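Report on the structure
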Amino acid sequence: SGEYNAVLSSLNDALQKCTNPEVIDNICLLKASYISYMRNIDSKITKSLNKGLLHERNNELAAAEIEYQKAANRSVNYALPNFYLGRTYYKKKNKPNSELYINRALEIDSKLIEARLFKIDALIEEQNFSSALQDINTALQTNPIYRLYYLRALSLFKLERYDEAAILVLQTCIELNPHDIY
């Protein structure tokens, strides 16, 4: 419907220009909630995800894991529970399971920007800038958002490709959001 597309377009516009990672997380959550509602995702899945998010916010990671696993088991083709499981395993310092579930989420939905950003942030945290750059370039094909361009510039800078980083910031980042350079 037209209203559905208009809401998603507005959220995607906000996501494209946003510079603050916490606000990006909130936009992604709002977008995921709206899509779940519009696609009539089973209420048991939604309840498990909401419980998991509450547990995760309270740093009750074992309880969050259980809820996300319930949701993932009920929805084989829904990327979000897999992403949340991957993020929870990352927080529990279980890197193999984290990678497994985040990659599974991206296999289900390659445009799931929150999973892509999480994976890229983890690579940058590990100072694996070459791999981060590869993932950023893949993500930019479907999600040309400010945050990805910023992370691309950061990775290029860390790889001592200073001219490319500067051009990216001066041309693309400022064009997307001239009021707030992160």
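Just so you know, these numbers come straight off a predicted model, no measurement behind them. Along each chain, the written sequence defines residue order, and numbers are assigned to residues from 1. Local features in this predicted model are restricted to residues whose pLDDT is 70 or higher, and side-chain atom pairs enter the listing and the counts only when it is 80 or higher, whereas totals over whole chains, interfaces and linings include all residues. Hydrogen atoms and water are omitted, and side-chain values are computed over all heavy atoms in the structure.

1. As for the overall build of the protein
A run of H or I in DSSP counts as a helix once it spans at least four residues, and a run of E counts as a strand once it spans at least two, with each numbered from the N terminus. Regarding its fold elements, the protein presents 10 helices and zero strands. When the helices and strands of the protein are read in sequence order from the N terminus, they spell out α-α-α-α-α-α-α-α-α-α. Values of the radius of gyration come from C-alpha atoms, whereas the globule rule sets the reference at 2.2 Å times the count of residues to the power 0.38. Taking 182 residues into account, the globule formula puts the C-alpha radius of gyration at 16 Å, and the protein, at 17 Å, falls close to it. Methods summary: accessible areas were calculated by the Shrake-Rupley approach with a probe of 1.4 Å, and residue burial reflects only the protein chains presented. Accessible area of the protein: about 10300 Å², with a carbon and sulfur share of 50%. For the purpose of counting charges, residues Lys and Arg are taken to be positive, whereas Asp and Glu are taken to be negative. His and the chain ends are not included. Lysine's charge is taken at NZ, arginine's at CZ, aspartate's at CG and glutamate's at CD. Of note, the protein has its 22 positive side-chain charges centred 6 Å away from the centre of its 22 negative side-chain charges.

2. Notes on the layout of surface pockets
Its volume calculated, the largest pocket comes out at about 750 Å³. When contributions to the lining of the largest pocket are tallied by element, the ones reaching two or more residues are helix 2 (21–38), helix 3 (43–57), helix 5 (79–91), helix 7 (113–125) and helix 9 (146–158). Considering every element that reaches the lining of the largest pocket, the biggest residue donor is helix 7, with seven residues. Per-class residue counts for the lining of the largest pocket are 15 nonpolar, one polar and nine charged. Think of a 1 Å grid over just the protein atoms. A cavity is a set of points where a 1.4 Å probe fits yet cannot get out, a pocket is an open set with protein on both sides within 12 Å along at least five of seven lines, and lining residues have an atom within 4 Å of a point. Grid points are joined across faces, edges and corners, and a volume is the space filled by probe spheres set on the points. Note that Gly is not counted as nonpolar here; it falls among the polar residues with everything else outside the nonpolar set of Ala, Val, Leu, Ile, Met, Phe, Trp, Tyr, Cys and Pro and the charged set of Asp, Glu, Lys and Arg.

3. Comments concerning the packing of aromatic side chains
The relative placement of two aromatic rings is captured by the distance of their centres and the angle of their planes. Any Phe, Tyr or Trp ring, taking Trp's six-membered ring, that has another such ring centre within 6.5 Å forms a pair; planes under 30 degrees apart are called stacked, those over 60 apart edge-to-face, and the others tilted. If you walk through the whole model with that rule in mind, you get six aromatic pairs. Between the aromatic rings of Y90 and F118, the centroid separation amounts to 5.2 Å while the plane-to-plane angle is 85°, which identifies the pairing as edge-to-face. Linking Y90 in helix 5 with F118 in helix 7, this pair joins segments that are 28 residues apart in sequence. By relative accessible area, which is 17% here, F118 ends up buried. With a centroid separation of 4.9 Å and 65° between ring planes, the pair formed by F157 and Y162 is classed as edge-to-face. Relative accessibility under 20% of the residue-type maximum defines a buried residue, over 50% an exposed one, and the middle range a partly exposed one, all with a 1.4 Å probe and only protein chains included. Under the relative-accessibility criterion, Y162 is labelled partly exposed at 42%. Through pairs of rings, three or more aromatic residues link up here, namely Y68, F83, Y84, Y90 and F118.

4. Topic: the nonpolar core
Counting residues in each nonpolar core, the largest one holds 28 residues, and the members touching the most others are L15, I113, L117, I120 and L148. Those elements that place two or more of their residues in this core are helix 1 (2–17), helix 2, helix 7, helix 8 (129–142), helix 9 and helix 10 (162–176). Only heavy atoms enter the contact rule, under which two residues are in contact if any of them lie within 4.5 Å. In this structure L15 touches I24, I27, C28, I113 and I145, once residues within four positions along its chain are discounted. In this description, a nonpolar core means a group of buried Ala, Val, Leu, Ile, Met, Phe, Trp, Tyr and Cys residues linked to one another through side-chain atoms lying within 4.5 Å.

5. Things to note about the environment of V169
Inspection of the secondary structure puts V169 in helix 10. For the pair V169 and A153, spaced 16 residues apart in the sequence, the C-alpha separation amounts to 6.6 Å. Excluding residues within four positions of it along the chain, V169 makes contact with A153 and I174.

6. Section: the state of the cysteines
Disulfides are defined as cysteine sulfur pairs within 2.5 Å. Counted according to the given criterion, the structure contains zero disulfides. You can see C28 has no disulfide; the closest cysteine sulfur is in C18, sitting 9.2 Å from it. Left unpaired, C173 is separated from the closest cysteine sulfur, that of C18, by 13 Å. Here C173 falls in the buried class, since its relative accessible area comes to 1%.

7. Re the pattern of salt bridges
We define a salt bridge as a contact between a side-chain nitrogen of Lys or Arg and a carboxyl oxygen of Asp or Glu at a distance within 4 Å. Per the counting criterion, the structure on display carries nine salt bridges. For the salt bridge of E99 with K95, the shortest nitrogen-to-oxygen distance reads 3.8 Å. Of this pair, E99 and K95 both sit in helix 6 (residues 95–108), four residues apart, roughly one helical turn. With its nearest N and O atoms 3.5 Å apart, the salt bridge here joins D135 to K119.

8. Observations regarding the side chain of S48
Here S48 lies in helix 3. Not counting residues up to four positions away in its chain, the partners in contact with S48 are E67, K70, A71 and R74.

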